[in-house]
Amino acid sequence: MGKLQEFEITFEQNKVMYSPGESISGIVTVKLGQPLQCKAIKVNCNGFCGITNKVNDTAWMIEEQYFNTTVSVADKGTLKQGAHTFPFKFLIPATAPTSFEGNYGRIIYRVRAFIDTPRFTKNYNTEKAFYMLSLLNLNKLPEIWGTCSSAVTQQFTYMLMKTGTIVLRAQTDMKGYTPGQIIQVTANIYNQSGKNTGNMAASLMQRVTYETKRPTHDVRTIAEVEGGVVKAGKEVEWKEQIIVSPLPQSSLAGCELIKIEYYVKVCLKSPDVMLTLPIHIGNVSLDKKRQPPKKVSAPSTEDTPASASSPETSSALTPTLPSRPDPNPAPRPATHFRTSSQNSPSAPPAEYHPGAQGGALMSEDFQNKRQSQLVSPNAFSYAPGLFFPQNQHPSGPATTPNGLAFSGSTGATTLYPSVNGITSVATPHIVPPDYNTSGYPQGAPPSYNESCNT
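Residues numbered from 1 in each chain as written. Predicted model: local features only at pLDDT ≥ 70, side-chain atom pairs only at ≥ 80, totals over all residues. Heavy atoms only, no water.

## Focus on the overall build of the protein
Then, in step 1: Helix and strand content of the protein: one helix and 23 strands.
Then, in step 2: Here the protein holds 454 residues, and the buried ones make up 46% of them.
Then, in step 3: Counting contacts in the protein only where the partners sit at least 6 residues apart, residues at least 24 apart contribute 74% of the total.
Then, in step 4: Total accessible area on the protein stands at roughly 24,100 Å², and carbon and sulfur atoms take up 51% of it. (Helix = DSSP H or I, 4+ residues; strand = E, 2+ residues; numbered from the N terminus. Buried < 20%, exposed > 50% of the residue type's maximum accessible area, 1.4 Å probe, protein only. Contact = heavy atoms within 4.5 Å. Areas by Shrake-Rupley, 256 points an atom, 1.4 Å probe, with all protein chains shown as cover.)

## Some details on the pairing of strand E10 (residues 105–116)
Then, in step 1: E10 sits mainly inside the fold: ten of its twelve residues count as buried.
Then, in step 2: Strand direction decides the pairing type here: strand E5 (residues 40–51) and E10, joined by twelve bridges, are antiparallel. Among the inter-strand pairings, Ile51 is bridged to a residue of E10, identified as Gly105.
Then, in step 3: Where strand E9 (residues 100–101) meets E10, two bridges bridge the pair, whose relative direction is antiparallel. Paired with Phe100 across the strands is Ile107, a residue of E10.
Then, in step 4: Between the antiparallel neighbours E9 and E10 lie three residues.
Then, in step 5: Bridge count for E10 against strand E11 (residues 124–132) is seven bridges, and the pairing is antiparallel. (Pairing = 2+ DSSP bridges.)

## Quick look at the packing of aromatic side chains
Then, in step 1: Under the counting rule described, the total for this entry stands at nine aromatic pairs.
Then, in step 2: Ring geometry for Tyr18 versus Phe130: centroids 5.6 Å apart, planes at 80°, classification edge-to-face. Of this pair, Tyr18 sits in strand E2 (residues 17–18) while Phe130 sits in strand E11; the two residues are 112 residues apart in sequence, bridging distant segments of the chain. Side by side, Tyr18 and Phe130 carry an identical accessibility label, which is buried. (Phe/Tyr/Trp six-rings, centres within 6.5 Å; stacked < 30°, edge-to-face > 60°.)

## Observations regarding the nonpolar core
Then, in step 1: Among the nonpolar cores identified, the biggest contains 80 residues, and Phe130, Ile189, Ile258 and Val266 are the most heavily contacted of them.
Then, in step 2: Of all the elements, strand E19 (residues 258–268) adds the most residues to this core, at six residues.
Then, in step 3: In this structure Ile189 touches Ile166, Val167, Leu168, Met200, Val230, Lys234, Glu235, Val236, Trp238 and Leu268, once residues within four positions along its chain are discounted. (Core = buried A, V, L, I, M, F, W, Y, C linked by side-chain atoms within 4.5 Å.)

## Concerning the pattern of salt bridges
Oppositely charged side chains can pair when the atoms bearing their charge come close.
Then, in step 1: What the rule picks out here adds up to seven salt bridges.
Then, in step 2: Among the ionic pairs, Arg110 bridges to Glu127, the shortest N-O distance being 4.0 Å. Highlighted residues: Arg110 in strand E10 and Glu127 in strand E11, separated in sequence by 17 residues. Neither residue differs from the other here; Arg110 and Glu127 are each classed as buried.
Then, in step 3: Residues Arg220 and Asp218 are paired through a salt bridge, measuring 3.2 Å at the closest nitrogen-oxygen approach. (Salt bridge = Lys/Arg side-chain N within 4 Å of Asp/Glu carboxyl O.)

## What about the sheet that holds strand E15 (residues 182–192)?
Then, in step 1: Read across the open sheet, the four strands follow the order E12-E13-E15-E18; overall the sheet is antiparallel. Every interior strand has two partners, whereas the edge strands, strand E12 (148–158) and strand E18 (235–243), have only one. Mean inter-strand twist for the sheet, computed between neighbouring axes without regard to direction, equals 20°.
Then, in step 2: Judged from the eight bridges that link them, strand E13 (residues 162–172) and E15 form a sheet pairing that is antiparallel. Residue pairing for E15: Arg169 is matched across the bridge by Asn188. (Axes fitted to C-alpha atoms, helices over the stretch in contact; angles between N-to-C directions.)

## What to know about the sheet that holds strand E1 (residues 4–11)
Then, in step 1: Spatially, three strands are ordered E1-E3-E8 in an open sheet, and the strand pairing comes out antiparallel. Edge positions in the sheet fall to E1 and strand E8 (82–91), since each of these pairs with one other strand and no more. Neighbour to neighbour, the strand axes of the sheet diverge by 15° on average, direction disregarded.
Then, in step 2: Bridge count between E1 and strand E3 (residues 23–32): seven bridges; the pairing is antiparallel. The residue bridging Phe7 from the neighbouring strand is Val30, located in E3.

## Quick word on the environment of Lys234
Then, in step 1: By the element assignment, Lys234 lies in the loop between strand E17 (216–226) and E18.
Then, in step 2: Along the primary structure Lys234 and Asn191 are separated by 43 residues, whereas in three dimensions their C-alpha atoms are 5.5 Å apart.

## Description of the side chain of Asn103
Then, in step 1: Tracing the chain through its elements places Asn103 in the loop between E9 and E10.
Then, in step 2: A polar contact is formed between the side chain of Asn103 and the side chain of Arg220, at a distance of 3.4 Å. (Polar contact = N/O pair within 3.5 Å; in protein donor to acceptor, adjacent residues only side chain to side chain.)

## Quick notes on the state of the cysteines
Then, in step 1: Evaluated as defined, the whole model comprises zero disulfides.
Then, in step 2: Of all cysteine sulfurs, the one in Cys49 lies closest to Cys255, which takes part in no disulfide; the gap is 4.0 Å. (Disulfide = S-S within 2.5 Å.)

## Some remarks on the pairing of E11
Then, in step 1: Most of E11 sits inside the fold, with seven of its nine residues counted as buried.
Then, in step 2: As paired strands, E2 and E11 are joined by two bridges and run parallel to one another. When the bridges of E11 are listed, Met17 appears paired with Tyr131.

## A few points about the environment of Tyr262
Then, in step 1: Note on placement: Tyr262 falls in strand E19.
Then, in step 2: Among the residues examined, Tyr262 registers a relative accessible area of 0% and is labelled buried.
Then, in step 3: Along the backbone, Tyr262 and Leu277 are 15 residues apart, and their C-alpha atoms lie at a distance of 8.7 Å.
Then, in step 4: A polar side-chain atom of Tyr262 sits 2.6 Å from the main-chain carbonyl oxygen of Pro248.

## Some words on the confidence of the model for the protein
Then, in step 1: Mean pLDDT over the protein works out to 74, with 64% of the residues at or above the 70 mark.
Then, in step 2: The low-confidence segment residues 300–325 (pLDDT under 50) makes one contact with residues lying over four places distant or belonging to another chain.
Then, in step 3: Note that residues 327–366 has pLDDT below 50 and, in this model, 80 contacts with residues that lie over four places away or in other chains. (pLDDT = per-residue confidence, 0-100.)

## Digging into unusual backbone geometry
Then, in step 1: With an omega of -5°, the peptide bond between Ser270 and Pro271 qualifies as cis.
Then, in step 2: The residue Pro271 is located in the loop between E19 and strand E20 (273–281) in this model.
Then, in step 3: With a phi angle near 55°, Asn14 is a residue other than glycine that sits in the positive phi range.
Then, in step 4: As for its placement among the helices and strands, Asn14 is situated in the loop between E1 and E2.
Then, in step 5: For Asn14, a relative accessible area of 55% corresponds to the exposed category.
Then, in step 6: Positive phi outside glycine occurs at Glu143, with the angle close to 55°.

Below you can see the structure in the form of structure tokens.
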């Protein structure tokens, strides 16, 4: 077995999930079959983001370093035969972003240990990954309250000569959700043509942008529900629900290279009519008790109590004017739908054609083609807490060859760390991958196996 029989890193209490500002501590264990001369034993802790333009490539085009600290736990000397342990401790910066793994980039955190030996002898190294989770509290996002709505009017040609118009309006019940919550989608479709439409659908979409010289956009359908058709000349109201699966949070605060966005896409299969409703995915759900009260307009002078000023005072300060008839009421403005102000894909405002507001609401004639929700575990990027219960095995946790357990895995259920006394929903523990056998250029991270296909 050689001189070195065991060389591994163990975190205190076997913890693998940390929050920014926490300290990470553990021990390095060295077990020798015979004495070993060494120049030093060092332990390094670092975190960084790397992105590329090739799928699952670790030859990073651009890197972003968050921290990189090295300590020496043993000086020059000879290690005797037997087992040796060396403790270490590092402080994680408060600005460290949440761990993430996607097709074109990753945010990685790891602890590495090195044994430097004299010249012409073999050096030894090992490493172990850990995960960072910075909770996204939806209650702290600006303009998060209320519904998200949009509308679009689309003209199309059918039977070569005829022209028709489709008016599509849709909204979600909230602007922010956490995994496990349900998105309530309401759509109103007015078919101003003599042709039946195709099936309608609503999809939860994920868009990840990797900021290379020419930004790479990775767009995925997370879940989809499908409804029926809209008959010629009819107007229908369609209501559906989409369950939010375990997903990476919308914001990777502290990371400048990766941007994650979510939106609900509502569309017709034919003609091609589509709009989008931007939403946020977070870790701490919206608390309606925190919702700021709606602004109330100032009371008019007619509503001012008599005690505020006496008639004598008013007549003394204000000249008497002759009475005049009340003005005609202002015309009621036409209804306009506007998109959300969030920096996410959105639909243009509606441009209604004459007669677009009419039509008979025919919800009773409208049948959903499919009520079930289609969800593919392979559609998700990896982040701390991803877990797919539909693939659970009763025999205990299952991991991939590199030790990473998510789609198709089970694990001990733990809670996300609390922030300001707020604790989010229970989320399974994630076992980090093992990089011991990975080879990569200096400064680049080890090669992850593709997590989305496990």
